[in-house]
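Spelled out, the chains give:
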Amino acid sequence: MLKKNDIITLEITSLTSEGSGVGRYDGMAVFVPFSAPGDKLKCRILKVKSSYAYGKIEEIVSPSADRVPQDCPVYGKCGGCSLRHISYSAQLKYKQQAVYDAFTRIGKLTPEFLPIIENDSPDRYRNKLQMPAGERDGSTVFGFYAFHSHRIIPCDDCRLQPEIFSAIVKRLSALTDEYNIPVYSEETKRGALRHVYLRKGHYSGEICLCIVSAVDLPAYRKTAARLAEEFPAITSAVLNINPDDTNVILGEQEITLYGKPDITDTMCGRTVSVAPKAFYQVNTPTAEKIYRQAAEFARAEGKVILDLYCGAGTIGLSMADRAKKLIGVEIIPDAVENARRNAAANGITNAEFICADAGEAAKLLRSRGEHPDVIVIDPPRKGCGQAAAEQIAAFGAERLVMISCNPATAARDCAYFEQLGYKTEKVRAADMFSHTAHVECVVLMEGKNNLGEKSNES
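Given the structure is predicted, the values throughout are model-derived calculations rather than measurements.

Colleague: An account of the sheet that holds strand β18 (residues 351-355) is requested, with residue identities and associated values reported.
Modeller: Overall, mixed pairing links the eight strands, which are arranged β6-β21-β22-β20-β19-β16-β17-β18 in an open sheet. Where the open sheet ends on each side, the last strands, each with one partner, are β6 (112-117) and β18. Ignoring strand direction, the axes of neighbouring strands in this sheet form an average angle of 15 degrees. When strand β16 (residues 304-308) meets strand β17 (residues 325-330), the two strands line up parallel, connected through five bridges. The residue of β17 that forms the bridge with L308 is V329.

Here you go:
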């Protein structure tokens, strides 16, 4: 029987959906972070449960053929990347398998699985950075939280972020010390500076600097002005006030410190404005590939498209020029207003955005005698759930297209939709977040009464 601190020899045979390697010892599954299928390890047991155990690598006896040298000094400490020790081609293979396993095992479904959508730039792809502030040896530091903790691991240059982000954060640290801005302490609930939050337009190059603080201080205006002078790409600087004892990063109040309150960028050829609180995919080029796949599945030509969970409207607006009409539904008022502005900025006149949940939208459209032909669904990680699936199926659309950031909940929801008259026809995995265990997928579901229609997606 395994016990804590045992050292065992273990061969890793697979990966979990969280990115940990899995091996078996005397029939018991042992989960080992930062291992790779094919590794032969000496492993220290950290925790033992009734049918599985957790371990950590003590020694790599024989490395997997998929292993690559580590190129980040804080890898394994910062709580960010979990697959950086595995080659990119192998990451794609494992992510494709994770989507296949979710749909066949959780959903008990047998769709056609299309090749995974690759990330053209596995490094430096993120257009968004959030870093908590801390204090070390009397100086301000920014970094990332260690796994399952609020202990800050300082990071001078995250390889997932644009290099300019690292330069801005380094100067912000120095200016914070120069202006004696106190860092907020979660223990004492005192201080001011809590986070730095950066967004960059992939095509425009515009950067929004958002400083998150418990209180407003005059020094923030001087800080923003100096940073904007040193980094002309900063066209927007915003102070977000969050005085609450909470894990939520952004508070309700925002003050524009410099320039304009948001930045602009391009998504699928559409001009979009991106405010600090607005949802915007963090990997623009891969998001565009995903949206193009969703448009192919939707076959929007001449159809009424209903875009549920539409956020700022980027998915629906990307296919509006082919549709007869686009109706976006979102429960967050600020996002709805953002979507309306984005439609107007692009001269799109066949789009309407409604602030409501799916059930309220269904009642409104029925009262107007409108029936969507295609529904696009982009739910949060928790998925739709059975109740929302029933509301969506009640619209009676010809087909559903789902973009999901969680294959497990997507597979579960597709099983619900199968019971409600839809067949899961095609699934395509997408690597939006390289070097992490996260994987997206795009799903086509056809109403079972429409399966005789000839489709031409690829």
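Text resumes after the structure shown.
Colleague: Describe the packing of aromatic side chains, naming the residues involved and giving the relevant values.
Modeller: Applying the stated criterion across every chain yields a total of eight aromatic pairs. Between Y100 and F113 the ring centres are 5.0 Å apart and the planes differ by 55 degrees, which places this aromatic pair in the tilted class. A residue pair is termed long-range when its members are at least 10 positions apart, and Y100 in helix α1 (residues 88-106) and F113 in strand β6 qualify at 13 residues. Residue F113 is classed as partly exposed on the basis of its relative accessible area, which comes to 24%.

Colleague: Residues and numbers for the sheet that holds strand β7 (residues 128-136), please.
Modeller: Taken together, seven strands build an open sheet; the order of strands is β9-β8-β7-β10-β11-β12-β13 and the sheet is mixed. Whereas interior strands pair on both sides, the edge strands pair on one side only; in this sheet they are β9 (152-154) and β13 (253-259). Neighbour-to-neighbour, the strand axes of this sheet turn through a mean angle of 35 degrees, independent of strand direction. Here helix α2 (residues 163-178) sits on the sheet in contact with β7, β8 (139-145), β10 (193-200), β11 (207-213) and β12 (234-241), set at roughly 150 degrees to β10. Packing against the sheet, helix α3 (residues 219-230) makes contact with β10, β11, β12 and β13, and its axis sits at approximately 40 degrees to β13.

Colleague: Before we move on, could you go through the pattern of salt bridges and cite the residues and values that matter?
Modeller: Following the criterion strictly, the structure yields 31 salt bridges and no others. A salt bridge links E206 to K260, with the shortest nitrogen-to-oxygen separation between them at 2.9 Å. Highlighted residues: E206 in the loop between β10 and β11 and K260 in the loop between β13 and β14 (263-267), separated in sequence by 54 residues. Through salt bridges with shared partners, one network takes in R299, K303, E398, R399 and E446.

Colleague: Could you give an account of the state of the cysteines, naming the residues involved and the relevant values?
Modeller: Counted under the stated rule, the structure contains zero disulfides. With no disulfide of its own, C81 lies closest to C158 among cysteine sulfurs, the gap being 6.1 Å. What makes C81 buried here is its relative accessible area of 10%. Cysteine C210 remains unbridged, with the sulfur of C208 as its closest cysteine sulfur at 5.9 Å.

Colleague: Break down the side chain of N342 for me, with residues and values.
Modeller: Examined against the element boundaries, N342 turns out to sit in helix α6 (residues 333-345). A distance of 2.9 Å separates a polar side-chain atom of N342 from the backbone nitrogen of S273. A distance of 3.1 Å separates the side chain of N342 from the backbone oxygen of A312, its partner in a polar contact. Ignoring anything within four residues of it in the chain, the contact list for N342 reads T271, V272, S273, A312 and L317.

Colleague: Give a detailed account of the packing of helix α8 (residues 385-393) against helix α9 (residues 407-419), specifying residues and quantitative values.
Modeller: Contact geometry for α8 and α9: axes closest at 9 Å, N-to-C directions at 45 degrees. When the axes of α8 and α9 are compared, the pair comes out oblique. For the pair α8 and α9, the crossing hand works out as right-handed. Judged by residue contacts, G385, Q386, A389, I392 and A393 of α8 engage R412, D413, Y416, F417 and Q419 from α9. Taken together, the residues that form the contact of α8 with α9 break down as five nonpolar, three polar and two charged.

Parameters and conventions
- Residues numbered from 1 in each chain as written.
- Predicted model: local features only at pLDDT ≥ 70, side-chain atom pairs only at ≥ 80, totals over all residues.
- Heavy atoms only, no water.
- Pairing = 2+ DSSP bridges.
- Helix = DSSP H or I, 4+ residues; strand = E, 2+ residues; numbered from the N terminus.
- Axes fitted to C-alpha atoms, helices over the stretch in contact; angles between N-to-C directions.
- Phe/Tyr/Trp six-rings, centres within 6.5 Å; stacked < 30°, edge-to-face > 60°.
- Buried < 20%, exposed > 50% of the residue type's maximum accessible area, 1.4 Å probe, protein only.
- Contact = heavy atoms within 4.5 Å.
- Salt bridge = Lys/Arg side-chain N within 4 Å of Asp/Glu carboxyl O.
- Disulfide = S-S within 2.5 Å.
- Polar contact = N/O pair within 3.5 Å; in protein donor to acceptor, adjacent residues only side chain to side chain.
- Parallel < 35°, antiparallel > 145°, perpendicular 65-115°, else oblique.
- Left-handed = near helix turned anticlockwise from the far one by under 90°.
- Nonpolar A, V, L, I, M, F, W, Y, C, P; charged D, E, K, R; others polar.

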